[in-house]
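Examining the three-dimensional arrangement
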Amino acid sequence: MKRNKGYIIGATLFIIVISLMVFGVHTLSKSTGASFTTMFSPESSLTQTPSLDEDQIDLPQLTKEVNENEIEIKIITTLGTIRAKVFPDLAPKAVENFLTHSDEGYYDETTFHRILTNFMIQGGDPTGDGTGGESIWGEPFETEISSQLFHIRGALAMAKTNAPVSIGSQFYIVQNPSDVSASADPSKTPDKIINAYTSGGYPSLDQLYTVFGQVIEGMDVVDAISEVETDSLDKPVQKVKIESIEVID
């Protein structure tokens, strides 16, 4: 009799445990929208999010046309004129800062104070030594990273320090003409951009600095500036000035 009673109690406890397990799984499924098997399926844990179709990615640096959502500028220097376009939709703060400074004459008569052949030319500092310049807001602003913009040859980008929020007024133009496509990260770089890197650029800066524009005419001027004699601090021996920057409406 005692043995039968033990069997009954054991069977009852087993039924209770099974009921709790079923109820728990049902509750989990309702609260998370996922089934118990989905959450722990080995196949699902290895599934990767499919990459965006490159044909659907707009890469505005690859065309010389100035579209409706882009703005043309002319950087008039003592060695010639550089035409470029900027991308307000992709780097709104950098573009607003640059265009406002340009319209107000902030860059007039400033110099390209830092020049590194086969890398870039840098300007936008009213002090002329790389230590000055501020944003239109009177304080530094943050980097704007876009998956559509890269440091291909002719890219126009904002300079900054190692501080996370340090952009002021200084900018640079990527000049390097050598094939650097092999150093571009294929997991983050569209094939069309990797192809563009065969004509030069600096992919190691991608996703670190704000690219906000692209030269569309006058890379010969950029190259001429990059070839001027510099001192040990990469400052031109003879000044190369930005006479003005025109914003084309």
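A brief look at the structure comes next. This structure is a prediction, so every number in the text was calculated from the model and none was measured. (Residues numbered from 1 in each chain as written. Predicted model: local features only at pLDDT ≥ 70, side-chain atom pairs only at ≥ 80, totals over all residues. Heavy atoms only, no water.)

1. Let's talk about the sheet that holds strand E2 (residues 80-86)
As summarised here, the arrangement of the nine strands in space is E3-E11-E1-E2-E10-E7-E9-E5-E4, forming an open sheet in which the pairing is antiparallel. Across the chains shown, the open sheet's two edge strands, defined by having one partner strand only, are strand E3 (110-111) and strand E4 (114-116). Sheet topology places E2 next to strand E10 (residues 211-217); four bridges connect them, and they run antiparallel. Bridge assignment links alanine 84 to a residue of E10, and that residue is valine 215. Running over the sheet, helix H6 (residues 219-226) touches strand E1 (71-77), E2, E4, strand E5 (120-123), strand E9 (171-174) and E10 and is turned about 120 degrees from E2. (Pairing = 2+ DSSP bridges. Helix = DSSP H or I, 4+ residues; strand = E, 2+ residues; numbered from the N terminus. Contact = heavy atoms within 4.5 Å. Axes fitted to C-alpha atoms, helices over the stretch in contact; angles between N-to-C directions.)

2. Digging into the pairing of strand E11 (residues 241-248)
Note: E1 against E11, six bridges, orientation antiparallel. Across the sheet, the residue bridging to isoleucine 76 is serine 244, located in E11. Examined bridge by bridge, E3 and E11 share two bridges and lie antiparallel to one another. Bridging from a neighbouring strand, threonine 111 pairs with lysine 241 of E11.

3. Thoughts on the environment of tyrosine 197
Mapped onto the elements of the fold, tyrosine 197 is located in the loop between helix H5 (191-196) and E10. We classify tyrosine 197 as buried; its relative accessible area is 0%. C-alpha of tyrosine 197 to C-alpha of histidine 151: the two residues are 46 residues apart in sequence and 8.5 Å apart in space. Those residues in contact with tyrosine 197 that sit more than four places away from it in its chain are Phe150, His151, Ile152, Ser178, Asp179, Val180, Ser181, Ala184, Thr189, Tyr202, Pro203 and Asp206. There is a polar contact of 3.2 Å between the side chain of tyrosine 197 and the backbone nitrogen of histidine 151. (Buried < 20%, exposed > 50% of the residue type's maximum accessible area, 1.4 Å probe, protein only. Polar contact = N/O pair within 3.5 Å; in protein donor to acceptor, adjacent residues only side chain to side chain.)

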